Amino acid sequence: METTQQAGEPGAAERRRRELLEAADRVVLRDGPKASMNAIAAEAGITKPILYRHFGDKAGLYQALAVRHTDALLDSLRAALDAPAERRRRVEATLDTYLAAIEARPQVYRFLMHPAEDSHSAERGFDVGLHSAPLLRRLGEELAKVIGERVDLGPGGERLARVWGHGIVGMMHAAGDWWLGERPCERAELVAGLTDLLWGRLSSAGNRVDGPGF
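Residues numbered from 1 in each chain as written. Predicted model: local features only at pLDDT ≥ 70, side-chain atom pairs only at ≥ 80, totals over all residues. Heavy atoms only, no water.

Draft legend 1. Fine view of unusual backbone geometry. A positive phi angle, near 45 degrees, is found at R183, a position not held by glycine. Mapped onto the fold, R183 is located in the loop between α9 (157–182) and α10 (187–198). (Helix = DSSP H or I, 4+ residues; strand = E, 2+ residues; numbered from the N terminus.)

This is the structure:
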């Protein structure tokens, strides 16, 4: 059982928080959107009040998990964008990286993006949309930075890069959500189709002379 002294030690609280997030991940992988604070506390071997002390409530835990998974996803997306390949291949690799991530851990994706229909009464006030929207906005802003740094879009380019960044993330999210639920085609077919959709002005835009290229 965790003690107050242990939770307050420098480094110990951060380590304990990481352990609790790992326990939460295990429950989410098992239960998806139905993951409850009770189940997570049991998995971690602690009482629910201790879990509340670390995260406040389910919204706080959700936010911590969202940051954890978004950071990992962004690292993977940047690696795909920086791979030594021609532009279309890197666009395909980036789309595939996102889709592969939600395919590999669908329960985590559903927990982050879809509310449970039968949430416990104490958790019914949790609004997943209130928290998933900032996650998508963060992905959109990060992609906008990449586009703005690499592609010469001319006058108003910074604004257009943000339009593209958020538009591409919205497309990936909507198409990926539909595909994960229905599985109407292989992932490679979806990647090719989405790349074709993007491959208009992006294919003809020149690289910025002061950027790393795209």
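Following the structure, the description resumes.
Draft legend 2. Spotlight on the packing of aromatic side chains. On inspection of all chains with the given rule, the structure shows 1 aromatic pair. A centroid spacing of 5.9 Å and a plane angle of 40 degrees characterise the contact between Y62 and F111, whose relative ring orientation is tilted. With a gap of 49 residues between them, Y62 in helix α5 (residues 58–82) and F111 in helix α7 (residues 106–113) connect regions that are remote in the sequence. The exposure classification of Y62 matches that of F111, with both residues buried. Just above the ring of W199 sits the side chain of R88; from NZ or CZ to the centre is 5.8 Å. (Phe/Tyr/Trp six-rings, centres within 6.5 Å; stacked < 30°, edge-to-face > 60°. Buried < 20%, exposed > 50% of the residue type's maximum accessible area, 1.4 Å probe, protein only. Lys NZ or Arg CZ within 6 Å of the ring centre and 35° of its normal.)

Draft legend 3. Structural context of the side chain of R87. By the element assignment, R87 lies in helix α6 (residues 87–104). Salt bridges are absent for the buried R87, whose nearest opposite-charge side chain, E86, sits at 7.4 Å. When sequence neighbours within four positions are dropped, the list of residues in contact with R87 reads W199, L202, S203, A205, G206, N207 and F214. (Lys, Arg positive; Asp, Glu negative; His and termini not counted. Salt bridge = Lys/Arg side-chain N within 4 Å of Asp/Glu carboxyl O. Contact = heavy atoms within 4.5 Å.)

Draft legend 4. Geometry of the nonpolar core. If you look at the biggest cluster of nonpolar residues, it comprises 59 residues, and the most contacted ones within it are L51, L61, L95, Y98, L112 and I147. Excluding residues that lie within four positions of it along the chain, I147 makes contacts with L153, A161, W164, G165 and I168. (Core = buried A, V, L, I, M, F, W, Y, C linked by side-chain atoms within 4.5 Å.)

Treat this as a map of the structure, not an account of what it does.
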